[in-house]
Amino acid sequence: MMKTLFSFIFLSVSLSLQAGSIELTEPELNNPFKITNSHTLAIESQLLGRDYELYLKLPRGYFDENSQSKRYPVLYLNDGPHTFKVASGVTHFPSMDKAILVGISFAKGENGQFSRVRDLTPEVDKSWVNYKTGGAPAYLGFIQKEIFPLIDGQYRTDVNKRILAGHSLGGSFAAWVLVTKPALFSAYVLSSPSLWFKQDLIFALEEKYADKHAKMNAKVFMATGALETLKNGMRNDMVNGHKRFMKRLESRGYHGLQLKGEVVQGTDHYSTFPIGLTKGLMWIYQDI
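Since the model is a prediction, treat every value here as computed from it, not as a measurement.

Our next topic: the pairing of strand β1 (residues 38-45). Consecutive side chains along a regular strand alternate between the two faces of the sheet. Sheet topology places β1 next to strand β2 (residues 50-57); eight bridges connect them, and they run antiparallel. Across the sheet, Glu44 pairs through a bridge with Asp51, a residue of β2. Between β1 and β2, which follow one another and run antiparallel, lie four residues, and Gly49 among them has a positive phi close to 70 degrees.

What follows is the structure in structure tokens.
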């Protein structure tokens, strides 16, 4: 009797394990979740000699008959494999789904960190011994001369309403564009920007811009997590950099600059982006 009982238990467990394994079949794994109205474009950069992918999401109603004359703002995001997914979630509801999303991938065939460090840093910094730096000017040329024409040529875009959003090095890249060629975008969302790069280079570049310009026609939102401090394990005090950069821009009195910033309570370097992007877009979209 006992032997029969153990045989029954063994058979039941075996069948349960087999049933459990059936739940994760190959066909199921080959059918990933899809983001509505999204697709991917491949782009071969003649300027950089590298290939990238663009992740696109069109706003709901884009294909409706009564929307065929409507043109849309475009939200550009660096670090696309991460930021595009977050932005797609943030813009899920109608009140936030007002722009075409364009996420720019890392260079194909390259390690993502290697690609982003090179592309998002404005000058060579030899202290980064394991990475190549200083590729931002060429990368920005790629965006301006190759990505803009591609997107504007294939979609109904409003060329006067381009938004650039980035996190960490992507945020400092956006800050660099702001203080060198601010007119390329009408609005910026800087999330946890690495303003410390190359001994606070961004502050020297802003000083150089201020010497020759009284205007900065842009809407800028900056968010940094309250936990992004030395006390909480960061190598650089991101909160201090945030406050200094905000104070610097506010002190200039740039004509046309609309500036808003927040040190987000309870978030760190890895959790600030969704909140910063959401709050930034809510504010920027008030004019759209």
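The next subject is the packing of helix α7 (residues 197-212) against helix α8 (residues 238-252). Running from amino to carboxyl end, α7 crosses α8 at an angle of 5 degrees, the nearest separation of the two axes being 11 Å. Put simply, α7 runs roughly parallel to α8. Here Asp200, Ile202, Phe203, Glu206, Glu207 and Ala210 of α7 come into contact with α8, specifically with Gly241, Arg244, Phe245, Arg248, Leu249 and Arg252.

Turning our eyes to something else, we now look at the pattern of salt bridges. One pass over the full model with this rule turns up 16 salt bridges. For Arg162, the salt bridge identified is with Asp152, shortest N-O distance 2.5 Å. Note that Arg162 is positioned in strand β5 (residues 157-167) and Asp152 in helix α5 (residues 136-154), a separation of ten residues in sequence. On the basis of relative accessibility, which here comes to 12%, the residue Arg162 falls in the buried class. Taking the relative accessible area as the measure of exposure, Asp152 reaches 23% and is therefore partly exposed.

Let's shift gears to the confidence of the model for the protein chain. Summing up the model confidence of the protein chain, the mean pLDDT is 92 and the portion of residues at 70 or higher is 90%. With pLDDT under 50 throughout, residues 1-22 is counted as low confidence; its partners more than four residues away or in other chains account for zero contacts.

Let us look at the side chain of Ser105. Along the chain, the position of Ser105 falls in the loop between β4 (100-104) and α4 (112-120). Separated by 2.8 Å, the side chain of Ser105 and the backbone nitrogen of Glu53 make a polar contact. When residues no more than four places from it in sequence are discounted, the contact partners of Ser105 are Tyr52, Glu53, Tyr55 and Pro81.

The next subject is the sheet that holds β5. Reading across from one edge, β1-β2-β4-β3-β5-β6-β7-β8 is the order of the eight strands in this open sheet, with mixed pairing throughout. Looking along the sheet, the strands with just one partner apiece sit at the ends: β1 and β8 (255-264). Across this sheet, the average inter-strand angle for adjacent strands is 20 degrees, counted without regard to direction. In this sheet, β5 lies alongside strand β3 (residues 72-77) in parallel orientation, the contact comprising five bridges. Its bridge partner lying in β5, Leu75 is registered against Ile163. Sheet contacts for helix α9 (residues 272-284): β3, β5, β6 (187-191), β7 (215-225) and β8; angle to β7, the most-contacted strand, approximately 145 degrees.

Criteria and cut-off values
Residues numbered from 1 in each chain as written. Predicted model: local features only at pLDDT ≥ 70, side-chain atom pairs only at ≥ 80, totals over all residues. Heavy atoms only, no water. Pairing = 2+ DSSP bridges. Helix = DSSP H or I, 4+ residues; strand = E, 2+ residues; numbered from the N terminus. Axes fitted to C-alpha atoms, helices over the stretch in contact; angles between N-to-C directions. Parallel < 35°, antiparallel > 145°, perpendicular 65-115°, else oblique. Contact = heavy atoms within 4.5 Å. Salt bridge = Lys/Arg side-chain N within 4 Å of Asp/Glu carboxyl O. Buried < 20%, exposed > 50% of the residue type's maximum accessible area, 1.4 Å probe, protein only. pLDDT = per-residue confidence, 0-100. Polar contact = N/O pair within 3.5 Å; in protein donor to acceptor, adjacent residues only side chain to side chain.

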